Structure formats: structure tokens, C-alpha cells
Amino acid sequence: MEVLEAQQGTYQLEDYEKMRESFDWEQTKEAFSWHRTGKVNIAYETIDRHVDEGRGNKTALLYSDAKREERYTFQDMKDKTNQAAHMFKEMGVEKGERIFIFMPRSPELYFVLLGAIKVGAVVGPLFEAFMQDAVRARLEDSEATTIVTTPDLVSRIPHDDLPALKRIIVAGEQDLPAGDIFISLDEKMKAASTDDSALEWVDLEDGFILHYTSGSTGKPKGVYHVHHAMLQHYQTAKWVLDLREDDVYWCTADPGWVTGTSYGIFGPWLNGATNVVRGGRFSPDDWYGTIDKYNVTVWYSAPTAFRMLMAAPKETLDKHDLSSLRHILSVGEPLNPEVVRWGWDVFQHRIHDTWWMTETGAMLICNYPSEPIKPGSMGRPIPGVDAAIIDDHGNELPPNEMGNLAIKAGWPSQMRKIWNNEPKFNEYFAIEGWYVSGDTAYRDEDGYFWFQGRNDDVIMTAGERVGPFEIESKLVEHPSVAEAGVIGKPDEIRGHIIKAFIALRSGEEESDELKEEIRKFIKTELAAHAVPREIEFKDKLPKTRSGKIMRRVLKAWELDEPTGDLSTMDDN
Ligand code: 6R9
């Protein structure tokens, strides 16, 4: 068995075994000011507290894109987030209201997101690629009152038939669309005070974020997290990211996804680190350039990105000085041993895999800088958390047997509900005492977990989690499409790509133009990352007698594998 031993150094988690025996989440509470004052707000702990403790002049945010290059201290962040908080307050936003943030990465996104949390609102970050229907589904389900956006995206926000929606706040200096619902962010921010009086104290069990994520059936689910999650954001950023105050840290994930908030905002700033945010799109040159330019020390990214960097010409790598890096991590999909070997080769560092989910709020199974890595394994549970492989009845399975990856329920950052959908929430906890993740895995004799796959049909493509149902529903809205089934097809770079099987309406002709048109339809109506890279026309699709598309049969067709039990298939 291949093992990469720990590299020499001093780390925030020195002795994993010892910590697993002795650790209790009560200990983490002492790191927060509410432990002394009783006053709780995750945004306060993330930003203001550093100012109150004399770290106001430290750089909090290093932002850049093709046009902007800006630096903000914790004091600056405090002022800006206070202004955003005042803006929301003056509009009459109340505790618990849902405020959506639909913007590409920019400093304003961070001001507004944290400002909304300061007034006790629940923020709903939306990825910038979402189109009108995807935005509508999320606004509708959450009954959001407010959405903050940019001029480029504002036309994708529907405002008919959304009775709860009161305000569309638009960033940037330009004329607003006509209508009372539109408000200028710049104007309101400029006019707002920077004082502390808009900050609301909340309860540890009050919500602060609602991340919509995809399952295999039904609409996207609103995963609801509470302020208490900060314990685990803070502690895992210390143990796993190994963050210290002098680190320059770069998490490449967008805040539209959970990694971009838990570890793009809260984890690093709760620990007082400097956070790099790079706007714009991925390119190997740009990414290596970002590490070089800011002397990034800790880098958290995803397998797809590493694989794309692997495929880039060597000259791109050689152009940049990456010697500032001291710790590299990965999340979102299986990290191939080959990528870990490549990382060792080119960075002289191990890439540390981490496993968690939107629903879990923070990291649960990880590799640690002070511990050996087995390339291909996700690592071992963090101290304070128990994980196991269980069968469908909740029995723990012995080492090396594959089963459901489950976590002992009750860790600090565990989701507290699925918005408006208690039955869905309960499904995760159907086995007494356990959270069942939907992933299959096994555990080896040394306690390392090995990912095997998802046991539902959720597709992980380029690190993004896409539900086949949302795409299928959109596909059948296309006038030529009668039925559609969507699967993830294994792909060397992206992990999986989206493949759609489509049965056309009678009289429709199969053609490459039609495929292109259907792709465009998904791109403009749903989201670019939901577009099926491959489309295959079929006369009819395999369905159960109750009319459900049998995706596992489509998958078997695709992979040339046996189709398994077809007794529920409708053969008409
Ligand atoms: C944080 C995040 C969750 C799903 C999860 C699993 C897959 C995440 C992984 C991994 C293999 C890893 N996943 N980390 N698979 N190895 N280290 O990604 O959340 O978008 O909700 O996705 O991602 O299938 O169930 P989310």
C-alpha cells in the first residue's frame, strides 16, 4: 500500500489520535467572544472581533479580477459590512428574513453577505451561472424578500408571481430598471453609517445561511444552517487547513457553493487569516499567477481543477514561482491517487483530501498535515465526530466492506432543516442515531475511508453537484422533447460529464442542430454548468411501471454493463 508520510513541520493538530480521545466541542467554545459575553453572531466573530482585539490593521481580503485589484483590512471589512447591515435595517429587513445574493465574486458580495447576517437575516447565495428558472425555483421555495445582484444578472430575476419578494438591490453605477422594487446598492451603501448599531445578537440555533443543493429527485433543497456551525468552521480550518493568522489562504470555490462560504469566508476569517479571492474564470496561467502574486501559503481546491492544471503545458507551471505554498487540500469529488502523485511531483507537497457535504456544513472526514496519507483515501473523521460504514438497517460493517457512509448525528455544523421539507430532512436521519450521506464507501483496518460512489443519481461534474431531475424537467419543456433521462458519464478531467438520453416527440427529426439547440435551451433557461455535454436520441426511455425514468439502466447502457433487475421496468 502506497503511503505518503507527514512532512516535517509544526502543525495546529499535532497528535490526531490523542485529540480524538480527549477532544470535546465544549473546548472550541472558548475561542469565541460569546463564550464570555453571551452575544452571538457569526458575522461578528468572523470580522468585528478581530478589530475589537486589536487586529484591525491586518489584511483580511485580497481581491482581484481582470479590472480590479483591492485590499481590505479587518477594519475596512467591519465598516463595509456595517454599512450593508444598516442598509438592510433601514429597508426594514427583520431577523430570519431570507436575503439572496446573486453576484459574481467581488468585494461587494462579501460585504453584503456578511452585512445581511449581521442583521440576523438568512442568506441564500446563488451561483452566478443560474438562469431565470433556477433563480425562480429558489426564490419561490425560500420566500426570499430581498435579492442583491449586478446589472448583468438582474434580467434573470423574475418578479412576477413571487409575492414575498420586495426588493431587488442592484450593484454598480448605472440606471436601474424601472419599478419600485429596484434599489441601488451603491447609493444605499454610500449613505449608510459604519457604526455598530445595526448588529443584531441572535441565538446559536438561529439560521444564517440557506444553501440550495441538488438531490436525485424533486426540486433543489434548501439546506439550512445555524450560527452554531461556527464552532466547526473555526476548528476544522485550524486542524485541517492548518490556518494561522499569518497565512495567505486561497479557497478557489465560489460562495454560490458551500465550500465557498464555509471555507471561503467563515473558516479562514474566524481564524484571522488573509483571504485571497480571485474573480473571473479558471485558467492555469491565471491560477498559478494568483498563487505567485499573493504568495499563497494554503490552497484549497478541487480535483477537477487539479486535473485541468495537470493537463496544462509545463511552461505555464514553470513561469510561476509557487514556493510560497506550504499546504494543499482538495474537496468535492474523489481525488485520484494519480493527482496526489502529480501534486507531490510539481509542488513537492501532498494534496490533502477532505470529505463533507452541503448538508454537513463543514469537513468531517479528512487528511491532516501531521498524519500519513494513503492516496485515494478521503482520510479519517475529525476529532469530535464519529463516522461508520453501515448497512441499510444501521448495522456497522467490518473493515473493507462497502456500505453506506454514515455519521453519528449531532455534530455542531449539521444542517438543522431542509427548508419547507421536513420529510426530506427526516430521510437523512431515518436510521436511528445516524446521518446517512448518500455516498457509499468502505473503511480499511487503519480507519481510513475510501469513497466508492453515490448511491443516488446525483451527478458530481467538475466539482459541482447537479441533480438530474432539474435538468430532465427542463429538457421536457423543450418543444421537441418528449422524455429525457440524465446521467453522469465518467470523464477523465471533470470526474463526470452530464449525458442526456432524449426521446423526441413524434414527427421531430433527430439532428446535430437540434442537439445544439437543446443545449442552448438548458444554458439559457437553467445554467451553463447543467448543460448536457452529450445528448443521445432514443426511440423510448426505460421506465418503471410508475413512470420513473430508470437512470441506472441508462447508465448500464452507457457503460456497457449488465442492466440488473428489470422486473419493475415497463415494457410497453
Ligand atoms: C463540500 C461539497 C457533496 C458530495 C458528497 C460526495 C462528493 C465531496 C468528496 C466527495 C469523494 C471527496 N464529495 N467530497 N467525493 N471524495 N473528498 O462538495 O458539498 O456540493 O454538497 O457535494 O460531493 O458525493 O456526497 P456538495
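Please read all numbers here as calculations on a predicted model, not as lab measurements.

Draft legend 1. The nonpolar core, seen in detail. In this structure, Met 77, Phe 88, Phe 266, Trp 269 and Tyr 300 are the most contacted members of the largest nonpolar core, which totals 99 residues. Broken down by element, the residue count for this core peaks at eight residues, all from helix H6 (residues 107–118). The next biggest cluster of nonpolar side chains, apart from the first, holds 48 residues, and it includes Phe 127, Leu 153, Leu 210 and Phe 521.

Draft legend 2. Here's a closer look at the sheet that holds strand S26 (residues 534–537). The strand order across the open sheet formed by three strands is S24-S25-S26, and the pairing between neighbours is mixed. With one partner strand each, in any of the chains shown, strand S24 (481–491) and S26 form the two edges of the open sheet. Strand-to-strand twist in this sheet, taken as the mean axis angle between neighbours without regard to direction, amounts to 25°. Pairing geometry for S24 and strand S25 (residues 495–504), over 10 bridges, is antiparallel. When the bridges of S25 are listed, Lys 489 appears paired with Ile 497. Against the sheet, helix H16 (residues 468–475) touches S24 and S25, its axis set at about 145° to S24.

Draft legend 3. Structural context of the pairing of strand S6 (residues 167–170). Side chains Arg 167 and Ile 169 project from S6 onto one buried face, and the interleaved Ile 168 and Val 170 project onto a second face that is buried too. Where strand S5 (residues 146–149) lies against S6, four bridges are found, and the strand directions are parallel. Opposite Ile 147, over in S6, you have Ile 168 as the bridge partner. Where S6 lies against strand S7 (residues 182–184), three bridges are found, and the strand directions are parallel.

Draft legend 4. Region of the structure containing the side chain of Arg 55. For Arg 55, the location among the structural elements is in the loop between helix H4 (42–52) and strand S1 (59–64). Judged by its relative accessible area of 18%, Arg 55 is buried. Look past the residues within four positions of Arg 55 in its chain and what remains in contact with it is Arg 49, His 50, Phe 74 and Glu 245.

Draft legend 5. Summary view of the side chain of Gln 83. As for its placement among the helices and strands, Gln 83 is situated in helix H5 (residues 74–91). On the basis of relative accessible area, Gln 83 is assigned to the buried category, the value being 12%. Setting aside its immediate chain neighbours within four residues, Gln 83 contacts Met 189, Lys 190, Ala 192, Ser 193 and Thr 194.

Draft legend 6. Spotlight on the packing of aromatic side chains. Scanning the entire structure with this criterion turns up 30 aromatic pairs. Centroid distance Trp 250 to Trp 287: 5.1 Å. Interplanar angle 65°. Geometry classified as edge-to-face. With Trp 250 in strand S10 (residues 248–251) and Trp 287 in helix H11 (residues 284–294), this residue pair connects regions lying 37 residues apart in the sequence. Measuring from centroid to centroid gives 6.5 Å for Phe 501 and Trp 557, while their planes differ by 75°, and the two rings are edge-to-face. Separated by 56 residues along the polypeptide, Phe 501 in strand S25 and Trp 557 in helix H18 (residues 551–559) bring together distant segments of the chain. We classify Trp 557 as partly exposed; its relative accessible area is 34%. Among the aromatic residues, those joined into a ring-pair cluster are Trp 250, Phe 282, Trp 287, Tyr 288, Trp 299, Phe 306, Trp 342 and Phe 347. When the ring centre of Phe 130 is taken as reference, the NZ or CZ atom of Arg 138 above it lies at 4.3 Å. Over the face of the ring belonging to Tyr 224 we find Lys 417, whose NZ or CZ atom lies 4.5 Å from the ring centre.

Draft legend 7. Highlighting unusual backbone geometry. Although it is not a glycine, Ala 462 sits at a positive phi angle of roughly 45°. Inspection of the secondary structure puts Ala 462 in the loop between strand S22 (459–461) and strand S23 (464–466). Non-glycine residue Asp 560 carries a positive phi angle of around 60°. On the secondary structure map, Asp 560 appears in the segment after H18.

Rules of the game
- Residues numbered from 1 in each chain as written.
- Predicted model: local features only at pLDDT ≥ 70, side-chain atom pairs only at ≥ 80, totals over all residues.
- Heavy atoms only, no water.
- Core = buried A, V, L, I, M, F, W, Y, C linked by side-chain atoms within 4.5 Å.
- Buried < 20%, exposed > 50% of the residue type's maximum accessible area, 1.4 Å probe, protein only.
- Helix = DSSP H or I, 4+ residues; strand = E, 2+ residues; numbered from the N terminus.
- Pairing = 2+ DSSP bridges.
- Axes fitted to C-alpha atoms, helices over the stretch in contact; angles between N-to-C directions.
- Contact = heavy atoms within 4.5 Å.
- Phe/Tyr/Trp six-rings, centres within 6.5 Å; stacked < 30°, edge-to-face > 60°.
- Lys NZ or Arg CZ within 6 Å of the ring centre and 35° of its normal.

In short, geometric facts, not functional conclusions.
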